[in-house]
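Chain residues, written in single-letter form:
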Amino acid sequence: LGTSLRSSLDKLQGKTTLSESDVEEIVKEIQRSLLSADVDVSLVMELSDSIKSRALEEEPPGGTTARDHVLRIVYEEMVELVGDSTELPLENQTILLAGLQGSGKTTSAAKMAWWFSKKGLRPAVVQTDTFRPGAYDQAKQMCERAEVDFYGDPDNDDPVDIARTGLEETADADVHIVDTAGRHALEDDLIDEIEEIEGVVDPDRSLLVLDAAIGQGAKEQARQFEESIGIEGVMITKLDGTAKGGGALTAVNETDSSIAFLGTGETVQDIERFEPSGFISRLLGMGDLKQLSERVERAMQETQDEDDDWDPEDMLKGEFTLKDMKRQMDAMNKMGPLDQVMDMIPGLGGGMMDELPDDAMDVTQDRMRRFERIMDSMTEEELENPRVVGQSRVERIARGSGTDEETVQQLLEQHSMMEQTIGQFQGMGDGDMQRMMKK
Ligand code: GDP
Ligand code: MG
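Residues numbered from 1 in each chain as written. Chains lettered and ligands numbered in written order. Predicted model: local features only at pLDDT ≥ 70, side-chain atom pairs only at ≥ 80, totals over all residues.

### Here we look at the overall build of the chain
- On a plain count of helices and strands, the chain comes out with 20 helices and eight strands.
- For the chain, the residues scored as buried account for 41% of the 439 residues in total.
- In the chain, 77% of the contacts between residues at least 6 apart in sequence involve partners at least 24 apart. (Helix = DSSP H or I, 4+ residues; strand = E, 2+ residues; numbered from the N terminus. Buried ≥ 20, exposed ≤ 12 C-beta atoms within 10 Å, placed from the backbone. Contact = placed C-beta atoms within 7 Å.)

### Focus: the confidence of the model for the chain
- Here the chain shows a mean pLDDT of 82. Residues at 70 or above account for 78%.
- The low-confidence segment residues 343–358, where pLDDT is below 50, has 13 contacts with residues more than four positions distant or belonging to other chains.
- Interface scoring of the predicted complex returns ipTM 0.99; its pTM is 0.71. (pLDDT = per-residue confidence, 0-100.)

### As for the sheet that holds strand S6 (residues 233–237)
- With respect to topology, eight strands assemble into an open sheet ordered S3-S2-S4-S1-S5-S6-S7-S8, the strand pairing being mixed. The open sheet is flanked by strand S3 (149–151) and strand S8 (271–273), the only strands paired with a single partner. Adjacent strand axes in the sheet meet at a mean angle of 25° when their direction is disregarded.
- In terms of strand pairing, S6 meets strand S7 (residues 259–263) through three bridges, oriented parallel. Each bridged residue has a counterpart across the sheet, and for isoleucine 236 the counterpart in S7 is leucine 262.
- Most of the contacts of helix H7 (residues 159–169) go to strand S2 (residues 123–127), to which it runs at about 160°, and overall it touches S2, S3 and strand S4 (175–179). (Pairing = 2+ DSSP bridges. Axes fitted to C-alpha atoms, helices over the stretch in contact; angles between N-to-C directions.)

### What to know about the site of ligand 1
- The immediate surroundings of ligand 1 are formed by 18 residues, with Gly104, Lys105, Thr106, Thr107 and Gly263 found nearest.
- For the shell around ligand 1, the element with the highest residue contribution is helix H5 (residues 105–118), accounting for three residues.
- Its residues placed into classes, the shell around ligand 1 shows no nonpolar, 13 polar and five charged. (Near = placed C-beta within 6 Å. Nonpolar A, V, L, I, M, F, W, Y, C, P; charged D, E, K, R; others polar.)

### Topic: H5
- The first and last C-alpha atoms of H5 sit 20 Å apart over 14 residues, in line with the 20 Å expected at 1.5 Å per residue.
- Of all 14 residues in H5, 13 are buried, a share of seventy percent or more.
- Looking one or two residues beyond H5, the residue adopting positive phi is glycine 120, at roughly 90°. (Expected span 1.5 Å × (residues − 1).)

### A short note on the pairing of S6
- Of all the five residues making up S6, five are buried; the element is thus mostly covered by neighbouring parts of the structure.
- Along S6, one buried face is formed by Gly233, Met235 and Thr237 and the opposite face, lined by Val234 and Ile236, is buried too.
- When strand S5 (residues 205–211) meets S6, the two strands line up parallel, connected through five bridges. Counted as the bridge partner of valine 209 is methionine 235 from S6.
- Where the polypeptide runs from S5 across helix H9 (residues 218–228) and back to S6, its parallel neighbour, the crossover connection is right-handed.
- With helix H10 (residues 247–255) bridging S6 and the parallel S7, this β-α-β connection has right-handed handedness. (Right-handed = clockwise from strand over helix to strand, strands pointing away.)

### Re the packing of H7 against helix H8 (residues 188–201)
- Here H7 crosses H8 at 20°, and the two axes come no closer than 9 Å. Judged by the angle between their axes, H7 and H8 are roughly parallel. The crossing of H7 and H8 is right-handed. Touching Pro159, Val160, Ala163, Arg164 and Leu167 of H7 are Glu193, Glu196, Ile197, Val200 and Val201, all from H8.
- Grouping the constituent residues of the contact of H7 with H8 by class yields seven nonpolar, no polar and three charged. (Parallel < 35°, antiparallel > 145°, perpendicular 65-115°, else oblique. Left-handed = near helix turned anticlockwise from the far one by under 90°.)

Dropping the structure here:
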């Protein structure tokens, strides 16, 4: 499958305009990949229509090849289809898990707890499954492996009571993850039970846990859970198998929610935060995925990062956030250090950079890796506006990233130094930065 999409794209090599049959062929290959990944037919058709009309109607930006043009449209429309990841603030919260038996709820509860603990929070799992024998032991063991707090009561057969007591008993934790029982199918008693638990727990968000192999069964399930407790996000499990998880998109569509996490194995560390580009690659097939993302990455650098509305020129308008710094660090591998890049800007001459302190732009590989881990432990808000990071947040971030407070402080200092440096370039001619990034 992957190879045929790739060869359709390869045919466009060297072309500057797209014919209708070129677009038809590519759209057909994409349809084939998505349908075999269990994406709902009507979603696939909607996507095909948008890709077709955009590819034929939109004028490729100057200098863009037909292939890059269509790839960018495919990517953007795919991002639209899969959506952004569920927003998950790193703060006190209660998460309720819902889903059918065997979907992976208990495993996912422990995984999420592990994930939050790596972000420097203190999570606890409350196990309310009194239905399945062994549920208590399973959850307890996994939480021990994840090294997170756990509450369950094998002698109590009232899940609602366990939920209530569990939250009291784990009051020291800041993130509570409440695991529930599933049944073989959606039975009324399951729905009643989870509604009661929801009433007692009052979750900040309820996540639906779905096996990647769910296919179109996702629709009815999602509708029922949405109706009874309201679904704010989805976790797709067992993506390490052959299923691509496209059925989950139906659930996302049905619940008007988004994907929060992906489960990729049986151990507590096998969890990934959902991220559109990786998932898109999975849906379109491995080979293309890689090629696609490389292509797209280039296309994005040439224009701008649409995901975050990032424009390299923003750096010159004095808004240099930690996110920009992260991008800059990523880009360094490809473009060379920022000072050299700055030197290439027409009109600036070499001299300007020489006046800067030597270490203003110096981020060594090792520091870079630690900085990246630290930034992974920060919230969106912190990345956008590092000034909100006070002492208690520094402690949390250091804990979550497995570094120390000093390194977190260093990162913040490095950022502020770069910010000042960038500030010196403000007022530079419009388009200079853009032109430079295209090189
Ligand atoms: P629950 O009934 O919804 O609580 O589901 P469980 O958490 O007990 O999981 C059911 C089975 O799926 C167990 O054997 C888990 O080890 C397995 N499982 C859960 N998540 C994943 C995953 O991401 N990958 C793999 N390979 N297995 C998983
Ligand atoms: Mg379970």
